[in-house]
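Read off the chains here:
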Amino acid sequence: MKLAHRWRRLFFWALFAAGLLVQLFSPHLKIEDNRFVLPTSLASNAEIDPAGIIAHARRMQILSGFLTTAGAIGLALCYREVLFGKRSAQRDLVHGSQGASNDSRIVK
Amino acid sequence: MTRLSRDFRRPATFIVAAMVVITTLAVLARAAELVATPKSMTITYKLAPGANSPAIKPAPNLPVEILADQVGTKCDCDDVGSSMMTVVSSTVDGELVWNGFESSGGGLTSGFSPIAGTHIMYIDFGHAVDLEVNNATSFFVHNDTAETVNGTVTLIW
């Protein structure tokens, strides 16, 4: 595998993981009856700023969604031959059936 | 590469791909839910006698609708009360401005003040628990009863 290709895969895995990390560390606001409910962890603060809390949570969620989606699309492109490639599938069949019986050799 | 690893490589790739897709969809669903939810927040309070809640800061320079509701019992009697008002945290005037209804038929409440402790509106049945000005940008719930009280304050903006 080429070095550039390997780095590209690593980059998209890192992007995907960063999206999940942002998700993990974003404020976990509960939604009940179409309203946000203040978590008890934030209710003990000296001052509660609902507008700020919601704006922060939305920013984090949008960032997380963007990173995760970009990572997933990048990974799909990096692994496209394995996932979608016809040649790749045929190659796997040929190589995979070398030790198998002749009945399973469907490739010319 | 051994034959065993070759045989398992492709199915394993599909399993990992499925996990990535499911995780991505879950993240996107959560983000969409959070963005689509209206800008409103419910804050639950539980206050000992004479205690104040943390200061609650409404969004600045916007009319914020406040629905406050006392729940629970006090003195073996029903203590449910509810009240509604709009409050504006005016950065120009440097004070809170409010208009609304007191709980339990208490009539109108209207005013403006940046001074801590100024009564805004009662939120319980017996008119002993109220919202009070904390400073020019925030207010708090004050319990003036001899019992622990609990309820919710919802802000919509």
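Residues numbered from 1 in each chain as written. Chains lettered and ligands numbered in written order. Predicted model: local features only at pLDDT ≥ 70, side-chain atom pairs only at ≥ 80, totals over all residues.

Undergrad: Residue-level account of the confidence of the model for chain A, with values.
TA: In the predicted model, chain A carries a mean pLDDT of 81, and the fraction of residues at 70 or more is 78%. When the elements of chain A are averaged for pLDDT, helix 5 (residues 86-96) of chain A gives the smallest value, 54, and helix 3 (residues 50-78) of chain A the largest, 94. (pLDDT = per-residue confidence, 0-100. Helix = DSSP H or I, 4+ residues; strand = E, 2+ residues; numbered from the N terminus.)

Undergrad: Could you give an account of the pairing of strand 1 (residues 40-47) of chain B, with specific residues and numbers?
TA: Only one face of strand 1 of chain B is covered, namely the one carrying M41, I43, Y45 and L47 of chain B; the face carrying S40, T42, T44 and K46 of chain B has none of its residues buried. By the bridge criterion, 2 bridges tie strand 2 (residues 35-37) of chain A to strand 1 of chain B in an arrangement that is parallel. Pairing of F36 of chain A across the sheet is with M41 of chain B, part of strand 1 of chain B. Sheet topology places strand 1 of chain B next to strand 12 (residues 149-156) of chain B; 8 bridges connect them, and they run antiparallel. Bridge pairing links M41 of chain B to L155 of chain B in strand 12 of chain B. (Buried ≥ 20, exposed ≤ 12 C-beta atoms within 10 Å, placed from the backbone. Pairing = 2+ DSSP bridges.)

Undergrad: Can you break down unusual backbone geometry residue by residue, with the values?
TA: The residue D33 of chain A is not glycine, and still its phi comes out positive at about 50 degrees. In this fold, D33 of chain A is placed in the loop between strand 1 (30-32) and strand 2. Taking the number of C-beta atoms within 10 Å as the measure of exposure, D33 of chain A has 8 and is therefore exposed. In the Ramachandran plot, H127 of chain B falls in the positive-phi region, its phi being about 55 degrees despite a non-glycine side chain. With respect to the helices and strands, H127 of chain B occurs in the loop between strand 9 (119-122) and strand 10 (129-135). Residue classification places H127 of chain B among the partly exposed residues on the basis of 15 C-beta atoms within 10 Å.

Undergrad: Tell me what's going on with the domain arrangement of chain B, and back it up with residues and numbers.
TA: Domain annotation for chain B reports domain 1 (1-37) and domain 2 (40-156). A C-alpha centroid distance of 47 Å is found between domain 1 of chain B and domain 2 of chain B. (Domains from an automatic or database assignment.)

Undergrad: Help me get a handle on the interface of chain A and chain B, residues and values and all.
TA: On the side of chain B, 33 residues touch chain A, which itself brings 36 residues to the contact. Contributing elements (two or more residues each) for the side of chain A that touches chain B: helix 1 (3-25), strand 2, strand 3 (47-48), helix 3, helix 4 (80-83) and helix 5 of chain A. The dominant element in the side of chain A that touches chain B, judged by the number of residues it contributes, is helix 3 of chain A, at 13 residues. Of the pairings in the sheet, the one linking strand 3 of chain A to strand 2 (residues 55-56) of chain B comprises 2 bridges and is parallel in character. Along strand 2 of chain B, the bridge assignment pairs I48 of chain A with I56 of chain B. (Contact = placed C-beta atoms within 7 Å.)

Undergrad: Which residues make up the nonpolar core, and what are the values?
TA: Residue and element names in this part refer to chain B. Judged by nonpolar contacts, the single largest core of 32 residues is most densely connected at I43, I66, V87, L131, F139, V141 and V153. Among the elements of the structure, strand 1, strand 3 (63-71), strand 6 (81-90), strand 7 (95-101), strand 9, strand 10, strand 11 (138-143) and strand 12 are those that each provide at least two residues to this core. In terms of residue count, the dominant contributor to this core is strand 1 (4 residues). Once residues within four sequence positions are removed from consideration, V141 is found in contact with Y45, L47, N52, S53, V129, L131 and V153. (Core = buried A, V, L, I, M, F, W, Y, C linked by C-beta atoms within 7 Å.)

Undergrad: Describe helix 1 of chain A, with residues and values.
TA: Between its first and last C-alpha, helix 1 of chain A extends 32 Å over 23 residues, near the 33 Å set by a 1.5 Å rise per residue. Regarding helix 1 of chain A, the residues found buried are F12, F16, G19, V22 and Q23 of chain A. (Expected span 1.5 Å × (residues − 1).)

Undergrad: An account of the pairing of strand 10 of chain B is requested, with residue identities and associated values reported.
TA: Looking along a regular strand, one sees the side chains alternate between the two faces of the sheet. All names here are of chain B. With 5 of 7 residues buried, strand 10 is to be regarded as a mostly interior element. Taken together, the 3 bridges between strand 9 and strand 10 define a ladder with antiparallel strand orientation. When the bridges of strand 10 are listed, M121 appears paired with L131. Between strand 9 and strand 10, which follow one another and run antiparallel, lie 6 residues, and H127 among them has a positive phi close to 55 degrees. Note that strand 10 and strand 11 share 6 bridges and pair antiparallel. Following the sheet pairing, L131 is matched in strand 11 by V141. Adjacent in sequence and paired antiparallel, strand 10 and strand 11 are bridged by 2 residues.

Undergrad: Talk me through the sheet that holds strand 8 (residues 108-113) of chain B; I want residue IDs and the actual numbers.
TA: The 8 strands lie next to each other as 1(A)-2(A)-1(B)-12(B)-3(B)-6(B)-7(B)-8(B), forming an open sheet whose pairing is mixed. A strand with exactly one partner marks an edge of an open sheet, and here the two such strands are strand 1 of chain A together with strand 8 of chain B. The sheet shows a mean angle of 25 degrees between the axes of neighbouring strands, taken without regard to direction. Pairing between strand 3 of chain B and strand 6 of chain B: 8 bridges, direction antiparallel. When the bridges of strand 6 of chain B are listed, D69 of chain B appears paired with S82 of chain B. (Axes fitted to C-alpha atoms, helices over the stretch in contact; angles between N-to-C directions.)

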